[in-house]
Amino acid sequence: MGGMRTFAQADDPSGAPLDAATGTSATTRRALAVFVPSLALYLLLVGWFWLPSLLPRGRVTIGTMTNRQAGGALLLLLIGGALYALYIAGAILLERRPLSRSIRLLVWGGAILITLLLIGAYPVTSSDIFDYIFRGRMALRYDANPYLVAPNRFKDDPFFRYVGWPNAPSAYGPLWERLSVALQLWGGDSLLRNVVLLKSLAAATHLAIGGVIGHLISDPHRRVMGQYLWLWCPLALWELPATGHNDGLLILSLLLAVWATRCRRHWLAVVLVTAGALIKYLPALLLPLVALDWLRRQQSWQRRLGVAVLALGLALLPAVAIYAPYWDVPSTFTRLSLAEQAQALREGSATTLRNLAVRAHFLHATPMAVVSYLAQTPGVVSHWQRFTAQPDLDAEAIRIIVSRLTTLLLALGLVWQSWQVWRRGRDLRRAFLGLCLWYLLTGLWFQPWYLLWLLALLVIRPERHALVPLWAWMITAQSSYLLQFIILPRLGISGPSLAAQAIYLAWIYPVPLLLWRVCRRRESAIAPTDDSPAPSVERRMPA
């Protein structure tokens, strides 16, 4: 396995021996040369987007902050590029130099300081945090069901002007909605307090993920490297403590599930992944992988049947209990017969789970989104009408066909990973990583922070041929905010259009794919053959 390079402890590139004290002191100075400028740049961003001063202005974006001027876009691009350059330089430094207690303190102390600092930044690239707050407020103040009632029902509420999705039901699971209500109890009528509470939760999950990553890595050097790669990642720092996304809880559930399976506590892994799915639906796709890994370890089919029943119960019972208050059933439900109750529950699923159907209409920044928009153009529609001999076939019908195609592709990816887990014993970290990547490449909706799912799973065992393209993907994805808020509006191009989606596709994907191909070729070129001697320095970290 010597040809599969990972970030690991290595000899000094010069080949000269390093004195322990001298090497450690030099490493600390170099680390400070990376960490201090990073801290200064984050301080600059927080000062520019200071939450208490911008919040009274309503919804603010990097477009409104820069007046969509090229100078503002260039400044943001330079700051972002410098942060990523410093982050990558720090990773190279930690790989090549001896570590010390001071380095570990710098990694964690600096990450905590920057995380706390970014709580003070206004979320200028996403309005999701305001949707979290408003739906919690709808449930607590107006006794409204966020799955049945859209925010536009409460236009007179003073928080309504901040909502980014006023016409859509909640996109999240019932566990998250309950947590939003709990935070609303503390936040009350103060928007600033509500924002700080949710950002503090996101900041806490960011740091907690770093702790869990360290717990999953046994080698001390690899542990510091893995934690640094997560804690100091500009995308993670911006999307969690700065913007307040709830994906940190989803990631935490996946990492804890990986830990539980390593400890042979698959029952706990099922509970953890279920909890993640009740916050955001993606982990529901990963439940079959956990169940299969649990089943294949049983010695008989009788035991497997028992485990299957237990896994089903551990997943369904919490889901039913937490969803029950939100399910759309008549007020007379308890007085109905069993047959009538079953029918009411089936009918209620169409409205309660309407949020899933609504999201299927959304298309953004994926290859399949471009395919969908292209397939809905008049020329393509008329071609399909002639080809299928269905003159009434319209653009909406073709959109549904493309949506079902993406579902089929996702199902094929799940089948493939399930086969790898069942027949080849693929570990769940790798299976989770593969399915999440497949979801991002074949889905209809993409946002930059989704890449954090991959990063958290990858840094446990960071292979260079995967990490370098992921860094590039994070850079192109995060810089696409400039497209969304500055460049496309200046060009007069609407986001939900074929032209916009084609630009997103060309901006986000080619460079990471090219780097992935180059890195794979380099790994193949240095991989030892049966006739070649083993390398003198092992560059792959122990499992």
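The rules behind these values
Residues numbered from 1 in each chain as written. Predicted model: local features only at pLDDT ≥ 70, side-chain atom pairs only at ≥ 80, totals over all residues. Heavy atoms only, no water. Helix = DSSP H or I, 4+ residues; strand = E, 2+ residues; numbered from the N terminus. Buried < 20%, exposed > 50% of the residue type's maximum accessible area, 1.4 Å probe, protein only. Contact = heavy atoms within 4.5 Å. Areas by Shrake-Rupley, 256 points an atom, 1.4 Å probe, with all protein chains shown as cover. Lys, Arg positive; Asp, Glu negative; His and termini not counted. Charge placed at Lys NZ, Arg CZ, Asp CG, Glu CD. pLDDT = per-residue confidence, 0-100. Patch = residues over 30% accessible without salt bridge, like charges linked within 9 Å, V, L, I, M, F, W, Y side chains within 5 Å. Salt bridge = Lys/Arg side-chain N within 4 Å of Asp/Glu carboxyl O. Disulfide = S-S within 2.5 Å. Phe/Tyr/Trp six-rings, centres within 6.5 Å; stacked < 30°, edge-to-face > 60°. Lys NZ or Arg CZ within 6 Å of the ring centre and 35° of its normal. Axes fitted to C-alpha atoms, helices over the stretch in contact; angles between N-to-C directions. Parallel < 35°, antiparallel > 145°, perpendicular 65-115°, else oblique. Left-handed = near helix turned anticlockwise from the far one by under 90°. Nonpolar A, V, L, I, M, F, W, Y, C, P; charged D, E, K, R; others polar. Expected span 1.5 Å × (residues − 1). Polar contact = N/O pair within 3.5 Å; in protein donor to acceptor, adjacent residues only side chain to side chain.

1. Topic: the overall build of the protein chain
Move 1: For the protein chain, the helix and strand inventory stands at 24 helices and zero strands.
Move 2: For the protein chain, the C-alpha atoms occupy an extent of roughly 80 × 65 × 55 Å along the three principal directions.
Move 3: Scored against the burial criterion, the 543 residues of the protein chain give a buried share of 51%.
Move 4: Considering only contacts in the protein chain between residues 6 or more positions apart, those separated by 24 or more positions represent 77%.
Move 5: Of the roughly 24800 Å² that the protein chain leaves accessible, carbon and sulfur atoms contribute 65%.
Move 6: Each charge sign in the protein chain was given a centre, from 50 positive and 27 negative side chains, and these centres are 3 Å apart.

2. Here's the deal with the confidence of the model for the protein chain
When pLDDT drops low, the exact placement of atoms in the prediction is not to be read closely.
Move 1: Counting all residues, the mean pLDDT for the protein chain is 89, and 91% of those residues have values of 70 or more.
Move 2: Within the protein chain, helix H16 (residues 354-359) has the poorest average pLDDT of any element, 68, and helix H10 (residues 234-242) the best, 98.
Move 3: Scored below 50 in pLDDT, residues 8-22 shows 19 contacts in the model against residues more than four places distant or in partner chains.

3. Some points on a nonpolar patch on the surface
Move 1: A cluster of nonpolar side chains, namely Leu74, Leu77 and Leu78, defines an oily patch on the protein surface of about 290 Å² accessible area.
Move 2: Turning to its location among the elements, leucine 74 is positioned in helix H4 (residues 70-96).
Move 3: Given the relative accessible area of 47%, leucine 74 is considered partly exposed.

4. With respect to the pattern of salt bridges
Move 1: Across all of its chains, the model carries nine salt bridges by this definition.
Move 2: Two residues, glutamate 95 and arginine 464, come together in a salt bridge whose shortest N-O distance is 1.9 Å. Of this pair, glutamate 95 sits in helix H4 while arginine 464 sits in helix H22 (residues 464-491), and the two are 369 residues apart along the sequence.
Move 3: For glutamate 95, a relative accessible area of 4% translates into the label buried.
Move 4: You can call arginine 464 buried: its relative accessible area is 17%.
Move 5: A salt bridge links arginine 135 to aspartate 131, with the nearest nitrogen and oxygen atoms 3.3 Å apart. One end of the pair is arginine 135 and the other is aspartate 131, both in helix H6 (residues 128-141) and four residues apart, which spans about a single turn. The same class applies to arginine 135 as to aspartate 131, namely buried.
Move 6: When salt bridges that share partners are traced, they join Arg137, Arg141, Asp157 and Asp189 into one network.

5. As for the state of the cysteines
Move 1: With the rule as written, the count across this model stands at zero disulfides.
Move 2: Between cysteine 233, a free cysteine, and cysteine 436, which holds the nearest cysteine sulfur, the sulfur-to-sulfur gap is 16 Å.
Move 3: Judged by relative accessible area, cysteine 233 falls into the buried class, the value being 0%.
Move 4: For the unlinked cysteine cysteine 519, the closest cysteine sulfur is that of cysteine 233, found at 17 Å.
Move 5: Taking relative accessible area as the criterion, cysteine 519 reaches 14% and is therefore assigned buried.

6. Re the packing of aromatic side chains
Move 1: The final tally for this structure, using the stated rule, is 27 aromatic pairs.
Move 2: Taken together, Tyr439, Phe446, Trp449, Tyr450, Trp453, Trp473 and Tyr509 form an aromatic cluster joined through their ring pairs.
Move 3: Taking the ring centre of phenylalanine 159 as reference, the NZ or CZ of arginine 137 above it sits at 4.1 Å.
Move 4: It is arginine 304 that lies over the ring of tryptophan 301; its NZ or CZ is 4.5 Å from the centre.

7. Examining the environment of glutamine 420
Move 1: Examined against the element boundaries, glutamine 420 turns out to sit in helix H19 (residues 395-424).
Move 2: According to the relative accessible area criterion, glutamine 420 is buried, its value standing at 3%.
Move 3: Discounting chain neighbours no more than four positions away, the residues touching glutamine 420 are Gly425 and Arg426.

8. Remarks on the packing of helix H7 (residues 174-187) against helix H14 (residues 301-323)
Move 1: Remark: H7 packs on H14, axes separated minimally by 9 Å, with the N-to-C direction vectors making an angle of 45 degrees. The orientation of H7 with respect to H14, classified from their angle, is oblique. Of the two elements, H7 crosses H14, and the hand of that crossing is left-handed. Counted together, Pro174, Leu175 and Arg178 of H7 and Ala321, Ile322 and Tyr323 of H14 form the full contact between these two elements.
Move 2: A per-class count over the contact of H7 with H14 returns five nonpolar, no polar and one charged.

9. Considering helix H9 (residues 220-231)
Move 1: In a regular helix each residue adds 1.5 Å, so 12 residues correspond to 16 Å; H9 covers 16 Å between its end C-alpha atoms and thus fits that length.
Move 2: Along H9, the residues that are buried comprise His221, Arg222, Val224, Met225, Gly226, Gln227, Tyr228, Leu229, Trp230 and Leu231.
Move 3: The N-terminus of H9 is capped by aspartate 219, whose side-chain oxygen sits 3.1 Å from the backbone nitrogen of histidine 221.

10. Some details on unusual backbone geometry
Move 1: The residue arginine 264 is not glycine, and still its phi comes out positive at about 60 degrees.
Move 2: Considering the arrangement of structural elements, one finds arginine 264 in the loop between helix H11 (247-262) and helix H12 (266-277).
Move 3: In this model, alanine 365 sits at a positive phi of 60 degrees, which is unusual for a non-glycine residue.
Move 4: Of note, alanine 365 is situated in the loop between H16 and helix H17 (367-375).

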